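Below are the chains, spelled out letter by letter.
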Amino acid sequence: MAEGDFVRETEMGKKMDRNSESLSNSESENDSISRISSLVATKDRDFLLSPNEQQVKVSRLEGKIVGLYFSGNWDPQCRNFTHLLANVYKQLRSEGSELEIVFVSCDEDIDAFNDYRAHMPWLSIPYSDMEVKKALNQRFNIEGMPCLVILQPKCGKDEVELRDGVELVYRYGVRAFPFTKERLEDLQRENREKHEKQNITNLLTKQNRDFLLGHPSSKKNVQIPVASLIGKTIGLYFSAQWCNPAVKFTPKLISTYNTIKQTLSKDEGFEIILVSSDLDQSAFDTYFSIMPWLALPFGDATIKELVKHFEIGAIPCLVIVGPNGKTLTKQGRSLINVYQENAYPFTPEKLELLRRKADEEVKMLPKFENHLGHPHELTLVSDGNRGGSFICCDCDEQGLGWAYQCIKCGYEVHPKCVRSLDHGSGLNLSPRLDPTQI
């Protein structure tokens, strides 16, 4: 072959490769558009609604990462997450990120839809298109809201869709973008490394603050050095005055805290720190005034960092940190409800001892019960057979381990909350003995 022929053939091969690559990219983009269109458009509608009521072609989603946002304005959790998601979306878009969100409404009527959508800076499926919304709920098996399903423009086998977008946004914020497998693995590795390096100093101090607020009744504006907590068992109490379960649990925690403090030796140390989600300084001051422990200052940036670090999804929550600064458990609230001061020092060894004791003592209880507050028969269950952490349907407090559960409908109560029915007389007998209280 002549040198000129070889050059021409090589150039032709390169051109064919470029054409093939261009064709491949084009096919990939067309597949992406086709996939999105098949989900959010119909043969009679090829557009979505913008925040200002303009019709935006579905083809505008080409090449973008798309989040399908299932939400309804009647749900407080949805409204709270929408505010957070809007901030994340605006920041990513301002940075030029190729992200688009499509609102899939679960609102009850058009007025609710319009009111809710007014707070959203992204696109929406028209409220009238009930069939598409129903199909999307079925396609992604939506069981709860809010729900954010992430669709990648070019999907490998492992990245066809990602359904835990809400959790990722709560946990990582803008850092979760672009929601790829590689990015999430990087974030998880960073999170593991951060927990491995965790100590009480880097958890609770900031560059311009190395103290906590002392109990308000002792001295106004008293400051307690974070360094004084090193080597102690610490409870981080995520709570707020506006939260009814928190207000109900706080007196029990105060009682348990005081009992633990009274029984400690000089070589031991235990402290609780309020990590407040109160809405204003006044509410914080009022709530903190009834507490005998310490607190982070209201509105301190560390509060949001701790919420993300410990992945706090609901309050009240009591996270226990050991004397070495490492996390012992996030189940502090349940442990206090079940074991009170006996849970201290919350180590795996102590908790295992308590569980074994409860397992032995629960043998005194009947396998089945008929509770005054429920029409169905209840079955005694544990961690190993349908049990685990739960909210007692009688006292509305958390429980852990043994419970009486309705196999038919999931109703659960603490053993101590059961009020037995005498089938012969129909009378309400005395409550059952809680094995953890013996």
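Each value, and the rule that gives it
Residues numbered from 1 in each chain as written. Predicted model: local features only at pLDDT ≥ 70, side-chain atom pairs only at ≥ 80, totals over all residues. Heavy atoms only, no water. Helix = DSSP H or I, 4+ residues; strand = E, 2+ residues; numbered from the N terminus. Buried < 20%, exposed > 50% of the residue type's maximum accessible area, 1.4 Å probe, protein only. Contact = heavy atoms within 4.5 Å. Areas by Shrake-Rupley, 256 points an atom, 1.4 Å probe, with all protein chains shown as cover. Salt bridge = Lys/Arg side-chain N within 4 Å of Asp/Glu carboxyl O. Pairing = 2+ DSSP bridges. Arc of directions from axis to C-beta. Polar contact = N/O pair within 3.5 Å; in protein donor to acceptor, adjacent residues only side chain to side chain. Core = buried A, V, L, I, M, F, W, Y, C linked by side-chain atoms within 4.5 Å. Phe/Tyr/Trp six-rings, centres within 6.5 Å; stacked < 30°, edge-to-face > 60°. Lys NZ or Arg CZ within 6 Å of the ring centre and 35° of its normal. Expected span 1.5 Å × (residues − 1).

A. A look at the overall build of the chain. When helices and strands are counted, the chain shows twelve helices and 21 strands. When the 438 residues of the chain are sorted by exposure, 45% land in the buried category. The long-range share in the chain, meaning contacts at least 24 apart out of those at least 6 apart in sequence, stands at 59%. For the chain, the exposed area adds up to about 23,300 Å²; of that, 50% sits on carbon and sulfur atoms.

B. How the structure looks around the pattern of salt bridges. What the rule picks out here adds up to twelve salt bridges. Counted as one network, the salt bridges with shared partners bring together E167, R171 and E311.

C. Fine view of the pairing of strand 10 (residues 270–276). Burial runs high along strand 10: seven of the seven residues are buried. What you see with strand 10 is no split at all: F270, I272, L274 and S276 on one side and E271, I273 and V275 on the other are buried throughout. Looking at chain direction, strand 9 (residues 233–239) and strand 10 are connected through seven bridges and run parallel. Paired with L236 across the strands is I273, a residue of strand 10. Of the strand pairs in this sheet, strand 10 and strand 11 (residues 294–295) are connected by two bridges, and their pairing is parallel.

D. View of unusual backbone geometry. Residue P178 is reached from F177 by a cis peptide bond, and omega for that bond is 10°. Within the secondary structure, P178 sits in the loop between helix 5 (165–172) and helix 6 (181–196). Here Y344 and P345 are connected by a cis peptide whose omega angle stands at 10°. Relative to the helices and strands, P345 resides in the loop between helix 11 (332–339) and helix 12 (348–361). Phi is positive for N141, which is not a glycine, with a value near 50°. Here N141 lies in the loop between helix 4 (130–139) and strand 6 (147–151). The phi dihedral of F346 is positive, around 65°, even though this residue is not glycine. Mapped onto the elements of the fold, F346 is located in the loop between helix 11 and helix 12. Among the residues examined, F346 registers a relative accessible area of 1% and is labelled buried.

E. Summary view of helix 9 (residues 281–288). Every buried residue of helix 9 is accounted for by A283, F284, Y287 and F288. Buried residues of helix 9, seen end-on, are gathered within an arc of 120° and therefore sit on one face of the element. Looking at the buried positions of helix 9, the neighbouring elements they touch are strand 7 (211–213), strand 9, helix 8 (244–263), strand 10 and strand 11. The opening residue of helix 9 is D280, an N-cap whose side-chain oxygen sits 3.2 Å from the backbone nitrogen of S282.

F. The nonpolar core, seen in detail. Counting 53 residues, the largest nonpolar core has L204, L236, Y237, F238, I273, W293 and F310 as its most contacted members. Here this core takes six residues from helix 8, the largest share from any one element. When residues no more than four places from it in sequence are discounted, the contact partners of F310 are Q198, L203, L236, F238, V319, V321, T327 and K330. Core analysis: the next-biggest nonpolar cluster, separate from the first, contains 30 residues, I65, Y89, F103 and F113 among them.

G. Up close: the environment of L294. For L294, the position within the fold is in strand 11. Residues L294 and I224 lie 70 residues apart in sequence; the distance between their C-alpha atoms is 8.1 Å. In contact with L294, other than residues within four places in its own chain, are L212, L213, G214, H215, I224, L229, E271, I272, I273, L274 and F288.

H. Inspection of the packing of aromatic side chains at higher detail. All told, the structure shown has 20 aromatic pairs when counted by the stated rule. Seen in terms of ring centroids, F113 and Y127 are 5.5 Å apart; in terms of plane orientation they differ by 40°. Their pairing is tilted. Taken together, the residues span a long stretch of sequence, with F113 in helix 3 (residues 110–117) and Y127 in the loop between strand 5 (123–124) and helix 4 at a distance of 14 residues. Ring plane angle 85° and centroid distance 6.3 Å describe the contact between Y344 and F346, whose orientation is recorded as edge-to-face. Taken as a pair, Y344 and F346 share a single burial class, namely buried. Ring pairing ties together the aromatic residues Y69, F81, Y89, F103, F113, Y116, W122, Y127 and Y170, which thus form one cluster. Across the ring face of Y127, the terminal group of K133 is positioned such that the distance to the ring centre comes to 4.0 Å. Directly above the aromatic system of F140 lies the positively charged group of R139, at a separation of 4.6 Å from the ring centroid.

I. Structural detail: helix 2 (residues 76–94). Look at helix 2: 28 Å from first C-alpha to last across 19 residues, which is about the 27 Å you get at 1.5 Å a residue. All of the buried residues along helix 2 are C78, F81, T82, L85, A86, V88, Y89 and L92. Residues of helix 2 that are buried sit in contact with strand 3 (65–71), strand 4 (99–105), helix 3, strand 6 and helix 5. A side-chain oxygen of the first residue of helix 2 lies 2.8 Å from the backbone nitrogen of Q77; this N-cap is D75. Looking one or two places after helix 2, you find G96, whose phi comes out positive at around 85°.

By themselves these figures say nothing about function.
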